[in-house]
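# Observations on chain architecture
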Amino acid sequence: MWQYRELIRNLTVADLKNRYQNTSLGFFWSLLSPLLLALVLYFIFRHLFGSEQNFAINLMVGIMAWRFFATGTSASLGAIVGKPSLVTRVYIPRQILTLSNALANLISSLLEFIVLLPIIFVLLGHLPVTVLLFPLIHIIYFWFIFGAGLLLSSLYVYFRDLNQIWDVLVTLLFFCSPIVYPLSIIPAYLMSYYRLNPVTLFIGMYRDVMVAGDLPSLYSVLVVIGFAIAAYLMGSLVFSKLQRRFAEEM
Amino acid sequence: MSAIIVDNISKKFRIPHEKKTTVFQNIVGLIKRQFDYEEFWALKDVSFEVKKGEAFGIIGRNGSGKSTLLKILARVLYPDSGSVSLNGKVASFLELGVGFQPELTAKENVYIYSSILGLSRKQVDRIYDDIFDFAELKKFETMKLKNFSSGMYLRLAFSTAVHAVPDTFLIDEVFAVGDEAFQKKCSDKMSQFKAEGKTIVFVSHALNAVKELCQRSILLNEGRIVTMGDTEKVINDYLALLEGGTTQ
């Protein structure tokens, strides 16, 4: 893989340019959708949950964290299928295609979170020192998403309606994660199942370090690392099995 | 020392009666118990060895499995059984100019294409001038690729590919590049590589080119090796096969 670092860089840059339509304003256009979503949800739900501490900031952090997963996995579906000539005409380690797709997503997500920092500063009056732990959480989350991307991008070659199915699942995930509502509304007997959703854990950790100024619990850090390793191993395994017939299926 | 060892490989293609490309179709297929597809063996029990520094020809009629074999050597396809071992860096010329983007300049495209071939930026910097000199396109380095003629396009691609200095070349009839003079340059380049001890695997219908370049060859027919050995003899067998095929 290291030999192909130049290719990874080129593909990542091309992907980013494509996302932002080659304009420097493109990134700001892409920010409109999550900010608008946050605004709408804020006005709808503030009567219900507005009394929760830092409701507006937590809402935005939650949306950004969910978006990292949602756009990352959705974009990964096309990582292989969108580059047919690099699959059928030439040899490169094909994981590169999914990796550079995931890296482009990582960069846009980083930019989005960076935009969030001054907003948090203004609304909260200060920026918690624990925000320094943000890169650690983001890297673990990235590996989790990359693992899912390996799985999805290779399956999509064989099942071309997977994007429709995935759209539904991602929307479902939005409502199964504590983004617009606080964790406290989940009944106790459902809690252990509810917490199986890794995105819930990630959202909680982002809020800990970016808003509340708490250290995330060691338990949740270990669990998300476990999730990331499991997703990566499973994704790699499935990918390396399925990639053998990529050139025939495309 | 062998550059390529092909050990008893077979490749099967599935030709489904109805291609299923969605989850939905697969579920319907499962319920209706439709698994029917035809199997087509593109290659069957193929074994050979190419020594380092050797030029090796693969000939055969259309549909004999030549391209499938070359794609397996290029690691684009995988065999269903058997194994292939490759020593050293392999460059496949299945198609020239993979990843070329018309909206970018010739210079940018050279860097992109080289990165697909596995070169770092520094390595490209070193061969950059040679690439444009060989392609005779120095004047056009800042021109967008979409304004290139198809000949210029292929010259640039070919030149980039040959300067990426692999140990083994896999070539699928890409010699028809450019005008007479450039074609001569290309075949000179191939002879030069041969002299430098590079390994070449050459698939072609141009029997004269094969005869000139390759000492040893194989003849494929319906996925099996019919003859292996001296190129002259293999070509004679091929011509005999063609005769037989037409009189049937």
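Let's shift gears to the overall build of chain A. Each helix and strand counted, chain A has twelve helices and zero strands in total. Whereas a compact globule of 250 residues would reach a radius of gyration of roughly 18 Å, chain A reaches 19 Å, a difference of no more than 12%. C-alpha extents for chain A along the principal axes are approximately 60 × 45 × 30 Å. In chain A, buried positions account for 38% of the 250 residues.

Looking only at helices and strands, chain B has eight helices and nine strands in total. Taken over 248 residues, chain B has a buried fraction of 38%. Taking as baseline every contact in chain B between residues at least 6 positions apart, the subset at least 24 positions apart corresponds to 71%.

Glancing now at the domain arrangement of chain B. In terms of domain boundaries, chain B breaks down into domain 1 (2-88 + 205-247) and domain 2 (98-165). Look at where the C-alpha atoms of domain 1 of chain B and domain 2 of chain B centre, and you get two points 31 Å apart.

Turning our eyes to something else, we now look at the interface of chain B and chain A. Chain B puts 22 residues into the contact, and the matching count from chain A is 21 residues. Put simply, the parts of the chain that give the side of chain B that touches chain A at least two residues each are α1 (23-32) and α3 (106-116) of chain B. Looking at side-chain class alone, the side of chain B that touches chain A contains twelve nonpolar, seven polar and three charged residues.

In this section: the sheet that holds strand β4 (residues 81-86) of chain B. Residue and element names in this part refer to chain B. Taken in spatial order, the three strands make up an open sheet running β2-β1-β4, and their pairing is antiparallel. Each having just a single partner strand, β2 (37-51) and β4 make up the two edges of the open sheet. Taken pair by pair, the neighbouring strands of this sheet meet at an average axis angle of 25°, ignoring direction. Where strand β1 (residues 2-16) meets β2, eleven bridges bridge the pair, whose relative direction is antiparallel. Paired with Arg14 across the two strands is Glu39, which belongs to β2.

It is worth spelling out the nonpolar core at this point. Counting residues in each nonpolar core, the largest one holds 127 residues, and the members touching the most others are Phe202 of chain A together with Ile200, Val201 and Phe202 of chain B. When residues in this core are grouped by element, the largest group, 13 residues, is from helix α7 (residues 134-158) of chain A. Apart from the residues lying within four places of it in its own chain, the contact partners of Ile200 of chain B are Ala55, Phe56, Phe169, Ile171, Met190, Phe193, Lys194 and Leu213 of chain B.

Quick look at unusual backbone geometry now. Residues and elements named next belong to chain A. Phi at Asn54 is positive, roughly 55°, even though this residue is not glycine. Here Asn54 is to be found in the loop between α2 (26-49) and α3 (55-76). On the neighbour-count criterion, Asn54 (15 C-beta atoms within 10 Å) is partly exposed.

The next subject is the packing of α3 of chain A against α7 of chain A. Residues and elements named next belong to chain A. Close contact between α3 and α7 brings their axes to 8 Å; oriented N to C, the two are set at 30°. Put simply, α3 runs roughly parallel to α7. Our pair here, α3 against α7, has a crossing hand that is right-handed. Of the residues in α7, those in contact with Phe68, Phe69, Gly72, Thr73 and Ser76 of α3 are Tyr141, Ile145, Ala148, Gly149, Leu152 and Ser153. Of the residues that constitute the contact of α3 with α7, the class distribution is six nonpolar, five polar and no charged.

For the rest of this paragraph, the subject is the packing of α7 of chain A against helix α8 (residues 162-175) of chain A. Residues and elements named next belong to chain A. As a packed pair, α7 and α8 sit with axes 10 Å apart at the nearest point and diverge in direction by 140°. As far as their axial angle goes, α8 and α7 are oblique. Of the residues in α8, those in contact with Leu152, Leu155 and Tyr156 of α7 are Leu162, Asn163 and Trp166.

Attention now goes to the environment of Leu110 of chain A. All names here are of chain A. Looking at the secondary structure, you find Leu110 in helix α6 (residues 95-124). Here Leu110 falls in the partly exposed class, since 15 other C-beta atoms lie within 10 Å of it. Sequence separation of Leu110 and Val131 is 21 residues, and the distance between their C-alpha atoms is 13 Å.

Here we take up the confidence of the model for chain A. For residues with low pLDDT, the predicted coordinates do not support detailed interpretation. This prediction gives chain A a mean pLDDT of 92; 100% of its residues lie at or above 70. When mean pLDDT is taken per element in chain A, α7 of chain A scores highest with 97 and α2 of chain A scores lowest with 86.

So, on to the sheet that holds strand β5 (residues 90-93) of chain B. Residue and element names in this part refer to chain B. Reading across from one edge, β5-β6-β7-β3-β8-β9 is the order of the six strands in this open sheet, with mixed pairing throughout. Here the strands that pair on one side only, and so sit at the sheet edges, are β5 and β9 (224-230). When strand polarity is set aside, the average angle formed by the axes of neighbouring strands in this sheet is 15°. Sheet topology note: the β5/strand β6 (residues 168-172) ladder contains four bridges and is parallel.

The next thing to look at is the confidence of the model for chain B. Residues and elements named next belong to chain B. Overall, the predicted model of chain B reaches an average pLDDT of 86, with 94% of residues at or above 70. Per-element confidence in chain B ranges from a low mean pLDDT of 75 for α1 to a high of 93 for strand β8 (residues 216-221). On the interface metric, ipTM, the complex scores 0.84, and its pTM is 0.89.

On to the environment of Gln123 of chain B, then. When you line up the elements, Gln123 of chain B lands in helix α4 (residues 121-135). A count of 17 C-beta atoms within 10 Å places Gln123 of chain B in the partly exposed class.

Looking now at α2 of chain A. Relative to the 34 Å expected for 24 residues at 1.5 Å per residue, α2 of chain A spans 33 Å between its end C-alpha atoms, a close match to the ideal helical length. The largest bend along α2 of chain A measures about 40° and falls at Phe43 of chain A.

For the rest of this paragraph, the subject is the pairing of β9 of chain B. All names here are of chain B. Inspection of the sheet shows β8 paired to β9 by six bridges, in the antiparallel sense. Paired with Arg216 across the two strands is Asp230, which belongs to β9. If you look at the hairpin formed by β8 and β9, you'll find two residues sitting between the two strands, and Glu222 has a positive phi there, around 50°.

Next up on the list: helix α10 (residues 198-212) of chain A. Residue and element names in this part refer to chain A. The end-to-end C-alpha separation of α10 is 20 Å, in line with the 21 Å expected for 15 residues at 1.5 Å each. Here α10 lies mainly inside the structure; twelve of its 15 residues are buried. Of the residues making up α10, those classed as buried are Pro198, Val199, Thr200, Leu201, Phe202, Ile203, Gly204, Met205, Tyr206, Val209, Met210 and Val211. Where α10 is buried, its residues touch α3, α6, α7, α8, α9 (188-194) and α11 (218-242). In the segment just after α10, Gly213 is the residue with positive phi, at about 75°.

Conventions used here
- Residues numbered from 1 in each chain as written.
- Chains lettered and ligands numbered in written order.
- Predicted model: local features only at pLDDT ≥ 70, side-chain atom pairs only at ≥ 80, totals over all residues.
- Helix = DSSP H or I, 4+ residues; strand = E, 2+ residues; numbered from the N terminus.
- Rg over C-alpha atoms; globule rule 2.2 N^0.38 Å.
- Buried ≥ 20, exposed ≤ 12 C-beta atoms within 10 Å, placed from the backbone.
- Contact = placed C-beta atoms within 7 Å.
- Domains from an automatic or database assignment.
- Nonpolar A, V, L, I, M, F, W, Y, C, P; charged D, E, K, R; others polar.
- Pairing = 2+ DSSP bridges.
- Axes fitted to C-alpha atoms, helices over the stretch in contact; angles between N-to-C directions.
- Core = buried A, V, L, I, M, F, W, Y, C linked by C-beta atoms within 7 Å.
- Parallel < 35°, antiparallel > 145°, perpendicular 65-115°, else oblique.
- Left-handed = near helix turned anticlockwise from the far one by under 90°.
- pLDDT = per-residue confidence, 0-100.
- Expected span 1.5 Å × (residues − 1).
- Bend = angle between axes of the 7 residues up to and from the residue.

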